[in-house]
Amino acid sequence: MQAEYLRNQAPKGNYVLLAGSPNDGGARALHDTQMQILKPYIDRGDIKIIADSYMNDWLPSEAYLSTLKAIDSSKGNIAAILASNDGLAGGAIQALREHGLAGKVSVSGQDADLAAVISIAQGEQSMTVYKPVTTQAVRAAEEAVHLAKGEKPVVDATINNGKANVPVILLKPILVTKDNIKSTVVKDGFQKLQSINQALSPAQQIK
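Here's what I pulled together on the structure shown here.

This brings us to the pattern of salt bridges. A full pass over the atoms with the stated rule returns 5 salt bridges. For the salt bridge of Arg 44 with Asp 46, the shortest nitrogen-to-oxygen distance reads 2.7 Å. The class for Arg 44 is exposed, based on a relative accessible area of 53%.

Val 16, Leu 18, Ile 78, Ile 81, Leu 88 and Leu 96 are the most contacted members of the largest nonpolar core, which totals 21 residues. Put simply, the parts of the chain that give this core at least two residues each are β1 (13-19), α3 (60-74), β3 (80-83) and α4 (86-98). Broken down by element, this core gets its largest block of residues, 6 residues, from α4. Apart from the residues lying within four places of it in its own chain, the contact partners of Leu 88 are Leu 18, Ala 19, Gly 20, Met 55, Trp 58, Leu 59, Pro 60, Ala 63 and Ala 83. Residues Ala 3, Ala 10, Leu 17 and Val 129 belong to the second largest nonpolar core, which totals 14 residues.

Right, let's talk about the sheet that holds β1 for a bit. A sheet is described by the order of its strands in space; here 4 strands give the open sequence β2-β1-β3-β4, paired in parallel fashion. Pairing within the sheet leaves two strands with one partner each, and these edge strands are β2 (47-54) and β4 (106-107). Sheet topology places β1 next to β3; 4 bridges connect them, and they run parallel. The residue of β3 that forms the bridge with Tyr 15 is Ala 80. Most of the contacts of helix α1 (residues 2-9) go to β3, to which it runs at about 175°, and overall it touches β1, β3 and β4.

Bringing unusual backbone geometry into the picture now. Backbone geometry at Lys 75 places phi at a positive 55°, although glycine is not the residue there. Relative to the elements of secondary structure, Lys 75 occurs in the loop between α3 and β3. The class for Lys 75 is exposed, based on a relative accessible area of 78%.

Two numbers describe a pair of packed helices, the interaxial angle and the distance between the axes. Running from amino to carboxyl end, α3 crosses α4 at an angle of 40°, the nearest separation of the two axes being 7 Å. Considered as vectors, α3 and α4 are oriented oblique to each other. The two elements α3 and α4 meet at a crossing, and its hand is right-handed. Across the interface between the two elements, Pro 60, Ala 63, Tyr 64, Thr 67, Leu 68 and Ile 71 from α3 touch Gly 87, Leu 88, Gly 91, Ala 92, Gln 94, Ala 95, Leu 96 and Glu 98 from α4. Looking at the contact of α3 with α4 residue by residue, the class counts come to 9 nonpolar, 4 polar and 1 charged.

Parameters at a glance
Residues numbered from 1 in each chain as written. Predicted model: local features only at pLDDT ≥ 70, side-chain atom pairs only at ≥ 80, totals over all residues. Heavy atoms only, no water. Salt bridge = Lys/Arg side-chain N within 4 Å of Asp/Glu carboxyl O. Buried < 20%, exposed > 50% of the residue type's maximum accessible area, 1.4 Å probe, protein only. Core = buried A, V, L, I, M, F, W, Y, C linked by side-chain atoms within 4.5 Å. Helix = DSSP H or I, 4+ residues; strand = E, 2+ residues; numbered from the N terminus. Contact = heavy atoms within 4.5 Å. Pairing = 2+ DSSP bridges. Axes fitted to C-alpha atoms, helices over the stretch in contact; angles between N-to-C directions. Parallel < 35°, antiparallel > 145°, perpendicular 65-115°, else oblique. Left-handed = near helix turned anticlockwise from the far one by under 90°. Nonpolar A, V, L, I, M, F, W, Y, C, P; charged D, E, K, R; others polar.

Keep in mind these numbers describe shape, not what the thing actually does.
Here you go:
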């Protein structure tokens, strides 16, 4: 979802990839899938990956430093930053801001953190991926009841964790941009409109 969005927003140019912790299997899986989406564009030369690294412990400070290096090496010629979560996006945006590039470079994120939603409303972060907690909780409870009754859980697929094929339930995440903040994270009560708006200028506030 992150890679597809950025690919549509910036189909050509230099990309920086900020992946999560190298010890996190989820971070590796996310990075590999992002690369699969971008590969056709990379192969034909439309997109060039100028920096691609994992951030220890998902630290925003590492994303900040990595982005500073990318800005320096490319002389600020960056089309998009594929940050795997909102914390990394925030670190990248801080580096962009210091070089007058915030809002000029497409930046992805994930988790719909309050700071990220505010940044999206301000036009500095481009998008985030929202995974409704209520949906996850309801489905987990339903499957827990099935297991307690000795029934098999209803799964969508299996994922190999290196030792076994683990049954998985795949829920559909939601793409959040400036245009649908109110109808997604605010509507669900995941973030409060007042909390978002108090950090925005009058012109930026969500009505």
